[in-house]
Amino acid sequence: MSRNCSTVALLAVGLLAFQARSAAQAPPPDAAQQKKILADATDFASNHERGLPNFLCIQTTRRFQDFQGPNLQGNDEWRPIDIIVERLAYFEHHEDYKVIEINGVPSSIEHNKLGGASSSGEFGSVMKGIFAPETATDFTWQTWFTLRGRKMHVYAYHVAVDKSDYHVVVPERSKDLVAAYHGLIFIDDRKHFVHRITLHADGIPPGFPIQDISLMLDYEYTRIGEADYLLPLTFELRSREGNVRVKNDVDYDQYRKFTADSSVSFGAPDEPPPKK
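Residues numbered from 1 in each chain as written. Predicted model: local features only at pLDDT ≥ 70, side-chain atom pairs only at ≥ 80, totals over all residues. Heavy atoms only, no water.

Quick notes on the overall build of the protein
Link 1 in the chain: On a plain count of helices and strands, the protein comes out with three helices and 13 strands.
Link 2 in the chain: The buried share among the 276 residues of the protein stands at 47%.
Link 3 in the chain: When contacts within the protein are restricted to residue pairs at least 6 apart in sequence, long-range pairs at least 24 apart make up 62% of them.
Link 4 in the chain: For the protein, the accessible area works out to roughly 13,800 Å², and carbon and sulfur atoms hold 53% of it. (Helix = DSSP H or I, 4+ residues; strand = E, 2+ residues; numbered from the N terminus. Buried < 20%, exposed > 50% of the residue type's maximum accessible area, 1.4 Å probe, protein only. Contact = heavy atoms within 4.5 Å. Areas by Shrake-Rupley, 256 points an atom, 1.4 Å probe, with all protein chains shown as cover.)

Description of the pairing of strand β10 (residues 194-202)
The side chains of a regular strand alternate between both faces of the sheet.
Link 1 in the chain: Within β10, eight of the nine residues are buried, leaving the element largely enclosed by the surrounding structure.
Link 2 in the chain: Bridge count between strand β9 (residues 180-188) and β10: six bridges; the pairing is antiparallel. Looking at the pairing, H182 lines up with H200 of β10.
Link 3 in the chain: Hairpin connection from β9 to β10: five residues lie between these consecutive antiparallel strands, with H192 at a positive phi of about 65°.
Link 4 in the chain: In the sheet, β10 pairs with strand β11 (residues 211-224) via five bridges, with the strands oriented antiparallel. Residue pairing for β11: R196 is matched across the bridge by D218. (Pairing = 2+ DSSP bridges.)

Thoughts on the pattern of salt bridges
Link 1 in the chain: Evaluated as defined, the whole model comprises 12 salt bridges.
Link 2 in the chain: Notably, a salt bridge pairs R148 with E220, separated by 3.1 Å at the nearest N-O pair. Linking R148 in the loop between β5 (138-147) and β6 (150-159) with E220 in strand β11, this pair joins segments that are 72 residues apart in sequence.
Link 3 in the chain: By relative accessible area, which is 14% here, E220 ends up buried.
Link 4 in the chain: Note that R223 and D228 form a salt bridge whose closest N and O atoms lie 3.1 Å from each other.
Link 5 in the chain: For R223, a relative accessible area of 48% puts it in the partly exposed group.
Link 6 in the chain: Taken together, the shared-partner salt bridges connect R148, R150, R196, D218 and E220 into one network. (Salt bridge = Lys/Arg side-chain N within 4 Å of Asp/Glu carboxyl O.)

Examining the sheet that holds strand β12 (residues 227-241)
Link 1 in the chain: In space, the 11 strands of this open sheet follow the order β4-β3-β2-β1-β13-β12-β11-β10-β9-β6-β5, with antiparallel pairing throughout. Each edge of the open sheet is held by one strand with a lone partner, namely β4 (105-106) and β5.

Here's the deal with the side chain of D188
Link 1 in the chain: Assignment of secondary structure puts D188 in strand β9.
Link 2 in the chain: Of the side chains bearing the opposite charge, R190 lies closest to the buried D188, which forms no salt bridge; the N-O distance is 5.4 Å.
Link 3 in the chain: Here the side chain of D188 touches K191 through a polar contact of 2.6 Å, landing on its backbone nitrogen.
Link 4 in the chain: In terms of polar contacts, D188 uses its side chain to reach the backbone amide nitrogen of F193, at 2.9 Å.
Link 5 in the chain: Excluding its chain neighbours within four sequence positions, the residues that come into contact with D188 are K151, M152, H153, F193 and H195. (Lys, Arg positive; Asp, Glu negative; His and termini not counted. Polar contact = N/O pair within 3.5 Å; in protein donor to acceptor, adjacent residues only side chain to side chain.)

Describing unusual backbone geometry
Link 1 in the chain: Of note, R148 is a non-glycine position whose phi angle comes to about 50°, a positive value.
Link 2 in the chain: The backbone of S174 shows a phi angle near 55°, a positive value even though the residue is not glycine.
Link 3 in the chain: Relative to the helices and strands, S174 resides in the loop between β7 (167-170) and β8 (175-178).
Link 4 in the chain: Taking relative accessible area as the criterion, S174 reaches 70% and is therefore assigned exposed.

Things to note about the nonpolar core
Across soluble globular proteins, you tend to see nonpolar side chains buried next to one another.
Link 1 in the chain: The biggest cluster of nonpolar side chains holds 48 residues, and the ones touching the most others in it are F131, Y157, I185 and V194.
Link 2 in the chain: For Y157, the contacting residues outside a window of four places in its chain are I130, T137, D138, F139, Y181, H182, G183, L184, I185, I197, T198 and L199.
Link 3 in the chain: Of all hydrophobic cores here, the second largest spans six residues; its members include F145, L147, M152 and L184. (Core = buried A, V, L, I, M, F, W, Y, C linked by side-chain atoms within 4.5 Å.)

Okay, here's the thing in structure tokens:
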């Protein structure tokens, strides 16, 4: 669920500036090329999940708060809330989260009882939902961009609410809202794979407890076993609850192959490992 519009807005401003500087050097692809790029990216998004192996990794989430004034402007004085370290098991295309420690202290609390803003689906379903034919996403080529040394096509996109499968869930209040959304997709110029997604939820009713939901998800090549896979690298999630802005900065590392002797029990947390 969630990430603040400020980051997406700043990114859009930066893209416009970049576009102005680079327009004379690199013309946009023609209509046929743009269509081919999107077709290739759609094929990648549709098959990305099924091509992933079973694996384990460590997800570290740093959560922050920032209090807004009466004009709903944040001060960007982010106050740390906590640091949550989880073991994430990806098994048979299913994500399972197990809390290992909170603020350096071993913990066995269940992932869905952590409270606050959280998200899932970073390993494929967010991307797949945007490119699914039934979503009828509207794509528009925007500009060129260089991301971690790779030349990217940047497309703006929009998903209408009646086609959306993006849910904003507030379990403690038994609320589940389906929202329209828009954002940017970064597609590499060589393979036409997706390397970054930004998303901002649209049309959230004023009375809904969570507002200004937006996210940015970055993918990078990671070796698991004998092959490289495009997997989440970082994930930023922001939202506003009343006059409090919330930010989650998430890192993924220590990817490794899920083997026969790996221990995982879906839905039933086991004992935390001894603290080193």
